Amino acid sequence: MAELPFLAFDADNHYYEAEDAFIRHIDPKMKKRCMQWAEIDGKRRFLVGGRINTFIPNPTFDPIARPGSLEDYFRAKNVDGGMDLGKMFGDLDPLAEHPGYRDRAARLELMDQQRLETVLLVPTMGVGMQEALKRDIPALHAAFTAFNSWLDEDWGFDRGDGRIYAGPFLTLADPELAVAELDRVLAMGARMVVTVPGPIPTAHGYQSPGMPDYDPIWARLQEADFPVAIHAGLGGTAQYGKICEPPAGQFEGFRHSPFPVVAFADRTIADTFAAIICHGVLDRFPRLRLVTIENGAMWVPDLLRNLRAGYGKMPFAFQRHPVEAFRESIGVSPFFEDDMEMLKDAIVIDRLLYGSNFPHADGIPEQTDYVKDIAGFSHDDVRALIRDNSYALLYP
């Protein structure tokens, strides 16, 4: 583990959801339309809307992959093809050997060992559930209302010690229900909310998060001066691949064709921010604060180039330069494998945030080893990325 002269703030830490995360507080009338467990062919299966859900291939998380076991895969170092993805996971551990993955007190002890002062905690399974319930909007909102109550109960949105900030999940599918849930979690002490990129599911399909339907949500977030973490997850842009490839059933984590890895790796998050900016959200709500987490950042220069070109062609469509709007309102947490020097110039250092993706297999084995990928940064820039910028997000 790399030694730092200060304690780090990790903006991308995860828990592994308890088996009753979506069930403990669910409205009994909605239970069958939301999440359940079932024993099928001798295996414990997670049902969402009455269907087996495979977003997480092993939804009990037991056994579990070791943190960072796929580092070489995400650094594109499997070039000889000697290992398939299953083998790259390596040996799995019993979940009981890692109490900090599900228990707050154990996680604090782990954070002390990792020299982490503060973390933002975001879902693992949760980021795939909006898409799973997109055809039943009332059930979708009921599920995440129950989930957020579990999250505060087990982890705490903000327990006042400055260590763990767990972000409740906000689906925008029904704007009225979303505002009600936002007000509820604000009253419970939340410091941020989490959502996923992509178009918003509606009763009639998908639409841009920049449509005026969602203005009451953005307005409430701006009024509360409340940051929104847009974290990688399943979204409507999964439909892109079906245009070129026949569907192979519902998404299953880490099992898919190479085509979307190449063609659509950055499309969901880039299209989300293109929609937010081009459809005027940051013009109507200039004090809104957004941050993209676990979506990488190599898409940003291309998006800025396209925004710059769009403004040059249609300046009348924007109230201010869209590149300025991006840089003023949006924070970015790059992947460890991204070109950090290039991104510092493209995004500006004050908008970059460190996130390790711990304890996931696609993160880094030792969180603070992230600094090895920013060896050319000055001491002040390292401190800004690894610590100060995340505090500024929560406490502007």
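Scroll up to find the structure this text is about.
I will try to describe carefully the structure that is included in this document. Here the residue index of a chain counts from 1 through its sequence in written order. Reporting in this predicted model follows two pLDDT cut-offs: at least 70 for local features of residues, and 80 or more for side-chain atom pairs to be given and counted; totals over whole chains, interfaces and linings ignore these cut-offs and use all residues. To obtain the side-chain values, all non-hydrogen atoms of the structure were included, while hydrogens and water were left out.

**Structural notes on the nonpolar core**
Counting 120 residues, the largest nonpolar core has Trp218 and Ile386 as its most contacted members. Tallying contributions element by element places helix α5 (residues 137-154) first for this core, with ten residues. By definition, residues are in contact when any of their heavy atoms lie within 4.5 Å. Not counting residues up to four positions away in its chain, the partners in contact with Ile386 are Leu4, Phe6, Ala8, Phe9, Tyr354, Tyr370, Val371 and Ile374. Buried Ala, Val, Leu, Ile, Met, Phe, Trp, Tyr and Cys residues form a nonpolar core when they are joined through side-chain atoms within 4.5 Å. Buried residues are those whose accessible area, probed at 1.4 Å on protein chains only, stays under 20% of the maximum for their type, while exposed residues exceed 50% and partly exposed ones sit between those limits. Core analysis: the next-biggest nonpolar cluster, separate from the first, contains five residues, Leu70, Met88, Phe89 and Ala361 among them. Starting at the N terminus, helices and strands are each numbered in turn, a helix being any DSSP run of H or I of at least four residues and a strand any DSSP run of E of at least two.

**What about the pattern of salt bridges?**
Salt bridges are identified by distance alone: a Lys or Arg side-chain nitrogen within 4 Å of an Asp or Glu carboxyl oxygen. Summed over the entire model, instances satisfying the criterion amount to 24 salt bridges. A salt bridge links Asp302 to Arg305; the shortest N-O distance between them is 3.3 Å. Of the two residues, Asp302 and Arg305 are both situated in helix α12 (residues 300-313); the distance of three residues between them amounts to about one turn of the helix. Since its relative accessible area comes to 42%, Asp302 is described here as partly exposed. Taking the relative accessible area as the measure of exposure, Arg305 reaches 47% and is therefore partly exposed. In this structure, a network of salt bridges that share partners links the residues Asp20, Arg24, Glu153 and Asp154.

**Regarding helix α14 (residues 340-347)**
Among the residues of α14, Met340, Leu343, Lys344, Ala346 and Ile347 are the ones counted as buried. Contacts from the buried residues of α14 go to α12, α13 (322-329), β12 (330-332) and α15 (379-394). Where α14 ends, the next residue or the one after it, Val348, has phi of about 85°, a positive value.

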